[in-house]
Amino acid sequence: MPARTTASWTLRPALPEDIEALAELRAVVMRPDLERLGRYDEHRVRQRLRDGYVPQHTSVVVVDGELAGSVTLRPVDGGLRLENFYLSPALHGRGTGTAVLRSLLARADKAGATVRLDVLQGSAARALYERHGFTEEHRDSIDVFMVRTPVR
């Protein structure tokens, strides 16, 4: 079991040229859950990120000067949508995801914004979101749709 040591991290604005590195990271991170659900497709897992990539709403997580993750916080009617939150598997369980999520939610709370997201059924990420106040709105055969209202 890895030691729980939050790595020193920063967020930087995403650039158009980050797309392929982020698509590859998505494929690596999502592969176990997608395989478990019988939905892994080598091409589609990358293409879905390429098709929805919006650099102006995406941040790159940088650890030790290297691209280590991504997160999109996109304005939508009535709040924000958290998407494409991926961290290098080497950082899983070390507190970095918690720290990044806390900073994003603090920003949303300050703006009074409700945050919505979806997570694959059975994904360990759901526990992270629940610890930060997200609750299930509904689900389908693949995803759980969650919401968090602002904390004042």
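Predicted, not measured: the structure shown is a model, and the values here were computed from it. (Residues numbered from 1 in each chain as written. Predicted model: local features only at pLDDT ≥ 70, side-chain atom pairs only at ≥ 80, totals over all residues. Heavy atoms only, no water.)

Undergrad: Break down the pattern of salt bridges for me, citing the residues and quoting the values.
TA: A full pass over the atoms with the stated rule returns 15 salt bridges. The shortest N-O distance in the salt bridge between D18 and R12 comes to 2.9 Å. Judged by its relative accessible area of 28%, R12 is partly exposed. Among the ionic pairs, E137 bridges to R116, the shortest N-O distance being 3.0 Å. Of the two residues, E137 is situated in strand β6 (residues 135–139) and R116 in strand β5 (residues 114–120); the sequence distance between them amounts to 21 residues. Taking the relative accessible area as the measure of exposure, E137 reaches 38% and is therefore partly exposed. (Salt bridge = Lys/Arg side-chain N within 4 Å of Asp/Glu carboxyl O. Buried < 20%, exposed > 50% of the residue type's maximum accessible area, 1.4 Å probe, protein only. Helix = DSSP H or I, 4+ residues; strand = E, 2+ residues; numbered from the N terminus.)

Undergrad: Lay out the nonpolar core with the relevant residues and their values.
TA: Of all hydrophobic cores here, the largest spans 24 residues; its most connected members are L82, F85, V115 and Y129. Contributions of two or more residues to this core are made by β2 (58–63), β3 (66–76), β4 (79–87), α3 (96–111), β5, α4 (125–131) and β7 (143–148). With five residues, α3 is the single largest residue contributor to this core. Setting aside its immediate chain neighbours within four residues, F85 contacts S70, V71, G97, V100, L101, L128 and Y129. In this structure, A23, A27, V29 and L34 belong to the second largest nonpolar core, which totals 18 residues. (Core = buried A, V, L, I, M, F, W, Y, C linked by side-chain atoms within 4.5 Å. Contact = heavy atoms within 4.5 Å.)

Undergrad: Any details on α3? Residues and values, ideally.
TA: With 16 residues, α3 extends 23 Å between its outermost C-alpha atoms, agreeing within 8% with the 22 Å of an ideal straight helix rising 1.5 Å per residue. Residues T96, G97, T98, A99, V100, L101, L104, L105, A108 and D109 constitute the buried set of α3. Just beyond α3, the residue with positive phi is G112, at close to 70 degrees. (Expected span 1.5 Å × (residues − 1).)

Undergrad: Outline the environment of L104, supporting the account with residue identities and numerical values.
TA: One can find L104 in helix α3. When the C-alpha positions of L104 and L73 are compared, they lie 8.0 Å apart, and in sequence the two are 31 residues distant. Here L104 is in contact with L11, V71, L73 and L82, once residues within four sequence places are set aside.

Undergrad: Mind laying out the packing of aromatic side chains, listing which residues take part and the relevant values?
TA: Counting across every chain of the model gives one aromatic pair. With a centroid separation of 5.7 Å and an interplanar angle of 70 degrees, the aromatic rings of Y129 and F134 are classed as edge-to-face. With respect to burial, Y129 and F134 carry one shared label: buried. (Phe/Tyr/Trp six-rings, centres within 6.5 Å; stacked < 30°, edge-to-face > 60°.)

Undergrad: Describe the side chain of R26, listing the residues and the values that go with them.
TA: Its location among the elements puts R26 in helix α1 (residues 19–36). In this structure, R26 is buried with no salt-bridge partner, the nearest side chain bearing the opposite charge being D118 at 7.8 Å. Side-chain polar atoms of R26 contact the side chain of Y86, separated by 2.9 Å. Leave out the neighbours within four places in its chain, and R26 touches V45, R48, L49, N84 and Y86. (Lys, Arg positive; Asp, Glu negative; His and termini not counted. Polar contact = N/O pair within 3.5 Å; in protein donor to acceptor, adjacent residues only side chain to side chain.)

Undergrad: Account for the layout of surface pockets, with residues named and values stated.
TA: In this structure, the largest pocket spans a volume of roughly 1200 Å³. Considering the residues around the largest pocket, the lining is formed by 43 residues, among which M30, F85, Y86, V119 and Y129 are closest to the centre. Broken down by secondary-structure element, the contributors of at least two residues to the lining of the largest pocket are α1, α2 (44–52), β4, α3, β5 and α4. The greatest single-element share of the lining of the largest pocket, amounting to seven residues, is contributed by β4. Tallied by class, the residues present in the lining of the largest pocket amount to 21 nonpolar, nine polar and 13 charged. (1 Å grid on protein atoms, 1.4 Å probe; cavity = no way out; pocket = protein on both sides within 12 Å on 5 of 7 lines; lining within 4 Å. Points joined across faces, edges and corners; volume = space filled by probe spheres on them. Nonpolar A, V, L, I, M, F, W, Y, C, P; charged D, E, K, R; others polar.)

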